[in-house]
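Now for the letters of each chain:
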Amino acid sequence: MARGGLDRLLGLALGLLLALALAPGALRAKPTVRKERVVRPDSELGERPPEDNQSFQYDHEAFLGKEDSKTFDQLTSEESKERLGKIVDRIDSDGDSFVTTEELKTWIKRVQKRYIYDNVAKVWKDYDRDKDDKISWEEYKQATYGYYLEFQDTSDHHTFKKMLPRDERRFKAADLNGDQTATREEFTAFLHPEEFEHMKEIVVLETLEDIDKNGDGFVDQDEYIADMFSHEENGPEPDWVLSEREQFNEFRDLNKDGKLDKDEIRHWILPQDYDHAQAEARHLVYESDKNKDEKLTKEEILENWNMFVGSQATNYGEDLTKNHDEL
């Protein structure tokens, strides 16, 4: 298995249900999908790059999301400002005519997580079989495991025998009111547990179960390495694997007992480090707050509109108007 970047693949589940693919007319649903091992807040936002010719591209993508920022780039300046004004009204959640750093941070986090909710919306109808705008555990189980449950002699018998109780445990954790049905928010927590605080323990537990091959309740160094690299027979370890062994010893194994417990796994895969959304919100307020009262009026935002949104007149080091005309 080749290295998949610094973030480890989080084995929250295994593969597609082959039996469903073989069943004519069956719903091609799948168990909970694989994720990256290390979960970083606002992973869609990433690091702020060095400024280039006063480019506001990072700000635009943080404030609008990548796809919507592209849409704004095709608008006239007046159209961009008009749409921005409507967005400001939505950000001002308490309706006091001011946008605070906290309101901006909440908006940016919402924008960066929108792709998650879009994903849930796309698959919702596949699971909500009775169209009551809720998904029961039975609906999910039948959609995902129905064929396996009926024909237990499939080649995936062992895999899905393991996955079914695991999914059920996760579903119960997401089902906050315990009614065995999931609202859209609860189903989002089920499919994307790394994004919800009350699901973090499930993420840690599933990671431990994925990597702990000897079943002792810990992750030793060899298990840690085996999760990201498969040794070729008699082949040497590449340099990056040796570097990862050093990472394990120096930064993962906090108590230096040669293995990772749940707390150390949590520290590894759920790092509580830099909050990109908070930093971007502070940046936008600082750059636009003319009277330095640490909050923004709509007028202040519209006066500095090109920091928040783009337009045909915005230059990122290329002629967007020319690109638009070519399209």
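Given the structure is predicted, the values throughout are model-derived calculations rather than measurements.

Cut-off values and rules
Residues numbered from 1 in each chain as written. Predicted model: local features only at pLDDT ≥ 70, side-chain atom pairs only at ≥ 80, totals over all residues. Heavy atoms only, no water. Helix = DSSP H or I, 4+ residues; strand = E, 2+ residues; numbered from the N terminus. Buried < 20%, exposed > 50% of the residue type's maximum accessible area, 1.4 Å probe, protein only. Contact = heavy atoms within 4.5 Å. Areas by Shrake-Rupley, 256 points an atom, 1.4 Å probe, with all protein chains shown as cover. Salt bridge = Lys/Arg side-chain N within 4 Å of Asp/Glu carboxyl O. UniProt positions renumbered as here; feature names shortened; annotations may be inferred. Phe/Tyr/Trp six-rings, centres within 6.5 Å; stacked < 30°, edge-to-face > 60°. Axes fitted to C-alpha atoms, helices over the stretch in contact; angles between N-to-C directions. Parallel < 35°, antiparallel > 145°, perpendicular 65-115°, else oblique. Left-handed = near helix turned anticlockwise from the far one by under 90°. Nonpolar A, V, L, I, M, F, W, Y, C, P; charged D, E, K, R; others polar. Core = buried A, V, L, I, M, F, W, Y, C linked by side-chain atoms within 4.5 Å. Expected span 1.5 Å × (residues − 1). Bend = angle between axes of the 7 residues up to and from the residue.

**Some thoughts on the overall build of the chain**
Now for step 1: The helix and strand tally for the chain stands at 16 helices and six strands.
Now for step 2: In the chain, buried positions account for 44% of the 327 residues.
Now for step 3: Look at the contacts in the chain between residues 6 or more apart in sequence, and 63% of them connect residues 24 or more apart.
Now for step 4: With the model as given, the accessible surface of the chain reaches about 18,000 Å², and the carbon-plus-sulfur share is 49%.

**Focus: the pattern of salt bridges**
Now for step 1: Counted according to the given criterion, the structure contains 20 salt bridges.
Now for step 2: Among the salt bridges present, the one from D89 reaches K298, with a minimum N-O distance of 2.9 Å. Here D89 is found in helix α4 (residues 77-91), whereas its partner K298 is found in helix α14 (residues 298-303), with 209 residues between them in sequence.
Now for step 3: Taking the relative accessible area as the measure of exposure, D89 reaches 46% and is therefore partly exposed.
Now for step 4: A salt bridge links E206 to R166, with the nearest nitrogen and oxygen atoms 3.8 Å apart. Of the two residues, E206 is situated in helix α9 (residues 200-211) and R166 in helix α7 (residues 157-174); the sequence distance between them amounts to 40 residues.
Now for step 5: For E206, a relative accessible area of 1% gives the class buried.
Now for step 6: The exposure class of R166 is buried, given its relative accessible area of 5%.
Now for step 7: Salt bridges here are not isolated pairs; linked through shared partners, they connect R166, R169, R170, E206, E209 and D210.

**Looking at the UniProt feature "domain: EF-hand" (unreviewed entry) in the chain**
Now for step 1: UniProt records the feature "domain: EF-hand" (unreviewed entry) at residues 79-114, 115-150, 162-197 and 199-234, using the numbering of this structure.
Now for step 2: End C-alpha to end C-alpha, residues 79-114 measures 23 Å, and it is 75% helix and 0% strand.
Now for step 3: Across residues 115-150, helical content stands at 75% and strand content at 6%; the span's end C-alpha atoms are separated by 34 Å.

**Some details on the packing of aromatic side chains**
Now for step 1: Per the stated rule, a full pass over the model turns up 15 aromatic pairs.
Now for step 2: Ring centres 6.2 Å apart and planes at 45° place the aromatic pair F63 and W107 in the tilted group. Note that F63 is positioned in helix α2 (residues 57-64) and W107 in helix α5 (residues 101-127), a separation of 44 residues in sequence.
Now for step 3: With a centroid separation of 5.9 Å and 85° between ring planes, the pair formed by F229 and W240 is classed as edge-to-face. Placement of the pair is F229 in the loop between α10 (221-226) and α11 (239-252) and W240 in helix α11, with a sequence separation of 11 residues.

**Comments concerning the packing of α5 against helix α13 (residues 276-288)**
When two helices pack together, you describe them by how their axes are tilted relative to each other and by the distance separating the axes.
Now for step 1: Packing of α5 against α13 leaves a shortest axis separation of 8 Å and a crossing angle of 130°. Classified by the angle their axes make, α5 and α13 are oblique. Of the two possible hands of crossing, α5 and α13 adopt the one that is right-handed. On α13, the residues touching T101, E102, L104, K105, I108 and K109 of α5 are A277, Q278, E280, A281, R282, L284 and V285.
Now for step 2: Across the contact of α5 with α13, the residue classes break down as six nonpolar, two polar and five charged.

**A closer look at α2**
Now for step 1: In terms of residue burial, α2 counts as a mostly covered element, since six of its eight residues are buried.
Now for step 2: Listing the buried residues of α2 in full gives Y58, D59, H60, A62, F63 and L64.
Now for step 3: Its buried side turned inward, α2 meets α3 (66-72), α4, α5, α13 and α15 (305-308).
Now for step 4: Of the residues one or two after α2, G65 is the one with positive phi, at around 90°.

**Looking at unusual backbone geometry**
Now for step 1: Of note in this structure, K256 is not a glycine but carries a positive phi near 55°.
Now for step 2: Structurally, K256 is set in the loop between α11 and β6 (259-260).
Now for step 3: Of note in the backbone geometry, E294 takes a positive phi value of approximately 65° without being a glycine.
Now for step 4: Within the secondary structure, E294 is located in the loop between α13 and α14.
Now for step 5: On the accessibility criterion, E294 (65% relative accessible area) is exposed.

**Digging into the nonpolar core**
Now for step 1: With 24 residues, the main nonpolar core has F63, L84, L104, F308 and V309 as its most contacted residues.
Now for step 2: Looking at this core, the elements with two or more residues in it are α2, α4, α5, α13 and α15.
Now for step 3: Sequence-distant contacts of L104, defined by excluding residues within four places in its chain, comprise F63, I91, V99, A281, L284, V285 and L296.

**Description of helix α6 (residues 137-150)**
Now for step 1: The end-to-end C-alpha distance of α6, which contains 14 residues, comes to just 17 Å, noticeably less than the 20 Å that a straight helix rising 1.5 Å per residue would cover.
Now for step 2: Where α6 bends most, the angle comes to about 65°, and this point is T144.
Now for step 3: Of all the residues in α6, the buried ones are W137, E139, Y140, K141, A143, T144, Y145, G146 and Y148.

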